[in-house]
Amino acid sequence: MYNPKSHNATEFIDHDEILETLAYAEANKANAELIDSILEKAELRKGLTHREASVLLACELPDRTERMYRLAEQIKKDFYGSRIVMFAPLYLSNYCVNGCVYCPYHYQNKHIARKKLSQEDIVREVTALQDMGHKRLALEAGEDPVNNPIEYILESIKTIYSIKHKNGAIRRVNVNIAATTVENYRKLRDAGIGTYILFQETYHKESYEKLHPTGPKHNYCYHTEAMDRAMQGGIDDVGLGVLFGLELYRYEFAGLLMHAEHLEAAYGVGPHTISVPRIKRADDIDPNVFDNGIDDDTFAKIVACIRIAVPYTGMIISTRESKSVRERLLHLGISQISGASKTSVGGYAEDEPEDEKSEQFDVSDNRTLDEVVRWLMEQGYIPSFCTACYREGRTGDRFMSLCKSGQIQNCCQPNALMTLKEYLMDYASPKTREVGERLIEEEMKNVASDKVRAIAEDRLVKIENGERDFRF
Ligand code: SAM
């Protein structure tokens with residue numbers, strides 16, 4: 001029985017409820033009256049249920065779809081302004097005991113180079129990331145209790161936070177590691193992580209079990225209930241995602257929103273972020289083997305519908321996607337992107353030798369961080385290196401209530417501009433700096449409070465004079 005408050009995966013992600021949702025959406029895909037009423041509700045910016053959002057996703061009326069895209073863009077502007085948060089992944093280890101059929105780290109792959117960063121390697125990699133200008137990382141690791149135990153992850157986090165090279169610092173470490181215990185989540189919380197990210201891969205239990213034939217990840221319920229354990233362990237910012245291409249996208253979309261509804265119903269706080277990865281070519285993985293690949297138009301519609309359904313949830317797109325796809329999706333709701341990413345274990349400090357490749361998948365956007373930052377600014381976006389909320393304790397429901405009241409804007413806009421200023425001073429090319437200085441000048445006018453603007457102006461001068469790390 002469907003029950004969003006239940007702590008049981010098969011009750012909060014109820015298969016029959018998803019099937020009924022899909023049938024309802026299909027039956028109403030051309031029901032203009034219903035679609036209009038859902039769009040009107042969406043315009044209130046308080047979100048939609050999985051059923052309502054599924055009708056929008058199925059909608060076949062071109063004018064309504066257009067309206068949906070415009071609304072998604074407007075909601076994004078209302079909640080996130082023109083800010084785009086920047087991050088980079090850091091792969092710690094690709095040792096893995098699982099058998100995930102879409103991932104080249106699966107344990108039967110004898111071809112891929114297996115690597116694990118030592119603490120000295122981490123210092124080198126993080127120094128290289130700091131020298132690019134990154135302030136926020138997402139840690140990635142395969143699941144291997146012997147090679148990558150929680151102690152290794154914790155030690156690595158400690159090392160990362162301790163590295164201060166020139167004006168550089170990693171100020172927020174998000175973690176994407178396999179589902180674990182409440183006790184381990186508590187340890188990650190105590191280590192000062194930002195968001196705990198775990199992709200569901202697929203919400204379809206039967207497919208999930210086939211796609212994860214062996215290893216601890218085979219256990220659908222343990223994996224699906226990971227966010228519950230993370231919350232019980234005191235982590236209140238969690239990031240959801242599905243790997244599009246594995247199952248029917250409409251099924252995944254409904255499951256994803258049901259998961260968000262569950263977190264809201266059971267813990268009073270929805271997901272902090274949602275990621276939308278698509279399967280990519282990798283060492284021994286051919287994405288064409290999977291039948292459910294989605295084209296760029298469908299992908300754009302999914303992103304727009306997520307934006308409308310959960311306005312307070314950040315949306316992340318990685319370098320799995322090309323520059324042009326990223327450009328399109330930024331309009332429809334994406335609020336965080338990675339830049340200059342390497343999906344190999346090591347690779348930031350030095351390129352990997354040809355015969356020792358350890359990448360998880362091919363990236364489609366190979367630009368430098370400077371190029372990505374300039375490209376964003378040339379389109380009117382503010383690349384933000386801000387990490388203030390979590391460092392000020394604005395996480396979970398505290399973050400959400402500030403967000404819902406609109407008060408967060410008073411912090412976000414100046415924080416984004418001050419961290420961009422740091423980037424321009426310390427890392428940007430002359431051309432990027434020029435574009436950035438003009439943008440900061442323009443965007444300072446959009447800081448609503450006179451008092452906050454005056455303080456921010458003063459801090460921009462201080463940054464120019466060498467001081468760092470201001471925040472509201
Ligand atoms: N091992 C952890 C886990 O079980 O969640 C850590 C995450 S893994 C390093 C990061 C994510 O990469 C996976 O959750 C999966 O969705 C994604 N991934 C795996 N293979 C991929 C592929 N071929 N193309 C794109 N993304 C892939």
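Positions within a chain are numbered from 1, following the residues in the order the chain's sequence is written. pLDDT decides what is reported in this predicted model: residues at 70 or higher carry local features, side-chain atom pairs at 80 or more are listed and counted, and totals for whole chains, interfaces and linings draw on all residues regardless.

### Overview of the nonpolar core
Here's step 1: Grouped together as the largest cluster of nonpolar side chains are 135 residues, with contacts concentrated most on Leu56, Leu137, Tyr196, Ile302, Val303, Cys305 and Ile308.
Here's step 2: What counts as a contact here is a pair of residues whose C-beta atoms, placed from the backbone, lie within 7 Å. In this structure, Tyr196 is in contact with Val175, Tyr185, Leu188, Ala230, Ile235, Val238 and Gly239, ignoring residues within four places of it in sequence. Under the definition applied here, buried Ala, Val, Leu, Ile, Met, Phe, Trp, Tyr and Cys residues are grouped into a nonpolar core through C-beta atoms within 7 Å. Any residue with 12 or fewer other C-beta atoms within 10 Å of its own C-beta is exposed, any with 20 or more is buried, and the rest are partly exposed; the C-beta atoms used are placed from the backbone.

### Topic: the domain arrangement of the protein chain
Here's step 1: Per the annotation, domain bounds derive from an automatic or database assignment of domains. Examined at the domain level, the protein chain breaks down into domain 1 (13–76), domain 2 (79–366) and domain 3 (406–464).
Here's step 2: The partner domain 3 presents 8 residues to the 6 residues of domain 2 that form the contact.
Here's step 3: Its residues assigned to classes, the side of domain 2 that touches domain 3 comprises 1 nonpolar, 3 polar and 2 charged. Three classes are used: nonpolar for Ala, Val, Leu, Ile, Met, Phe, Trp, Tyr, Cys and Pro, charged for Asp, Glu, Lys and Arg, and polar for all others, with Gly counted as polar.

### Quick look at the packing of helix H15 (residues 369–378) against helix H19 (residues 430–444)
The description of two helices packed together rests on the angle between their axes and the distance between the axes.
Here's step 1: As a packed pair, H15 and H19 sit with axes 10 Å apart at the nearest point and diverge in direction by 35°. Like other packed secondary-structure pairs, H15 and H19 cross with a definite hand, here left-handed. Residues Asp370, Val373, Arg374, Met377 and Glu378 of H15 form the contact with H19, whose own contacting residues are Lys431, Thr432, Val435, Gly436 and Leu439. In this analysis an axis means a line fitted to C-alpha atoms, helices contributing only their contacting stretch, and an angle means the value between N-to-C directions, from 0 to 180 degrees. Helix numbers and strand numbers start at the N terminus; a helix is a DSSP run of H or I with at least 4 residues, a strand a run of E with at least 2. Helix crossings get a hand from a simple test, with the near helix turned counterclockwise from the far one by less than a right angle marking a left-handed crossing and a clockwise turn marking a right-handed one.

### Side note on the pairing of strand E2 (residues 136–141)
Here's step 1: The element E2 is largely enclosed, with a buried count of 6 among its 6 residues.
Here's step 2: Burial along E2 is two-sided: the face carrying Arg136, Ala138 and Glu140 and the face carrying Leu137, Leu139 and Ala141 are both buried.
Here's step 3: Note on pairing: DSSP must find at least two bridges between two strands before they are called paired. Sheet topology note: the strand E1 (residues 83–93)/E2 ladder contains 5 bridges and is parallel. Bridge pairing links Leu90 to Leu139 in E2.
Here's step 4: Note on handedness: a crossover is taken as right-handed if, strands pointing away from the viewer, the path from the first strand over the helix to the second is clockwise. Regarding the hand of the β-α-β motif, the stretch spanning E1, helix H6 (residues 119–132) and E2 is right-handed.

### Let's talk about H19
Here's step 1: Between its first and last C-alpha atoms H19 spans 21 Å; for 15 residues at 1.5 Å apiece the expected length is 21 Å, and the two agree.
Here's step 2: Of the positions making up H19, those classed as buried are Thr432, Gly436, Leu439 and Glu443. Summarising the axial view, the buried residues of H19 lie within an arc of 65°, below the 170-degree limit, and thus occupy one face. With respect to the buried face of H19, the exposed residues turned more than 90 degrees away are Pro430, Arg438, Glu441 and Glu442.
Here's step 3: Looking at the buried positions of H19, the neighbouring elements they touch are H15, strand E9 (382–384) and helix H18 (409–426). A helix is expected to span 1.5 Å multiplied by its residue count minus one. What the arc measures is the spread of directions leading from the helix axis to the C-beta atoms.

### Looking at the environment of Gln407
Here's step 1: Along the chain, the position of Gln407 falls in the loop between helix H17 (396–405) and H18.
Here's step 2: Using a count of 11 C-beta atoms within 10 Å as the deciding quantity, one classes Gln407 as exposed.
Here's step 3: It is 31 Å that separates the C-alpha atoms of Gln407 and Phe299, two residues lying 108 residues apart in sequence.

### Some thoughts on unusual backbone geometry
Here's step 1: We note that Arg45 has phi near 65°; this positive angle belongs to a residue other than glycine.
Here's step 2: Tracing the backbone through its elements, the reader meets Arg45 in the loop between helix H3 (32–43) and helix H4 (50–58).
Here's step 3: Accessibility expressed as a C-beta count within 10 Å gives 15 for Arg45, which makes it partly exposed.
Here's step 4: Its identity as a non-glycine residue notwithstanding, Ala340 has a phi of 60°, on the positive side.
Here's step 5: Mapped onto the elements of the fold, Ala340 is located in the loop between strand E8 (336–338) and H15.

### A word on the environment of Ile170
Here's step 1: Inspection of the secondary structure assignment puts Ile170 in the loop between helix H7 (150–162) and strand E3 (172–176).
Here's step 2: The class of Ile170 is buried, set by 22 C-beta atoms lying within 10 Å.
Here's step 3: If we ignore the near neighbours within four places in the chain, the residues touching Ile170 are Val126, Gln130, Lys135, Leu137, Ile160, Tyr161 and Ile163.

### Some words on H7
Here's step 1: Helix length check: H7 (13 residues) gives 18 Å between terminal C-alpha atoms against 18 Å at 1.5 Å per residue, within 8%.
Here's step 2: Check the buried side of H7 and you find it contacts E1, H6, E2 and E3.

### Quick notes on the packing of H4 against helix H12 (residues 249–267)
Here's step 1: For the pair H4 and H12, interaxial distance at closest approach is 9 Å and the crossing angle is 155°. What the angle tells us is that H4 and H12 run roughly antiparallel. You can see that H4 and H12 cross each other, and the crossing is right-handed. Touching His50, Ala53, Ser54, Leu57 and Ala58 of H4 are Arg250, Phe253, Ala254, Leu257, Met258 and Glu261, all from H12.
Here's step 2: Per-class residue counts for the contact of H4 with H12 are 7 nonpolar, 2 polar and 2 charged. Should an angle fall under 35 degrees it is taken as roughly parallel, and over 145 as roughly antiparallel, whereas 65 to 115 is taken as roughly perpendicular and any remaining angle as oblique.

### Quick notes on the site of the ligand
Here's step 1: Lining the immediate environment of the ligand, one finds 21 residues, of which Cys103, Ala178, Phe199, Lys280 and Phe361 sit closest.
Here's step 2: Across the shell around the ligand, the residue classes tally to 12 nonpolar, 3 polar and 6 charged. Using the backbone to place each C-beta atom, any residue with that atom within 6 Å of a molecule or strand is considered near it.

### Section: the pairing of strand E5 (residues 238–241)
Here's step 1: Alternating residues of E5 divide into Val238 and Leu240 and Gly239 and Gly241, and every residue in both groups is buried.
Here's step 2: In this sheet, E5 lies alongside strand E4 (residues 196–197) in parallel orientation, the contact comprising 2 bridges. Looking at E5, one finds that Ile197 is bridged to Gly239.
Here's step 3: Strand direction decides the pairing type here: E5 and strand E6 (residues 273–275), joined by 3 bridges, are parallel. Bridged to Leu240 within E6 is Ile274.
Here's step 4: In this view, the connection linking E5 to its parallel neighbour E6 by way of H12 has right-handed handedness.

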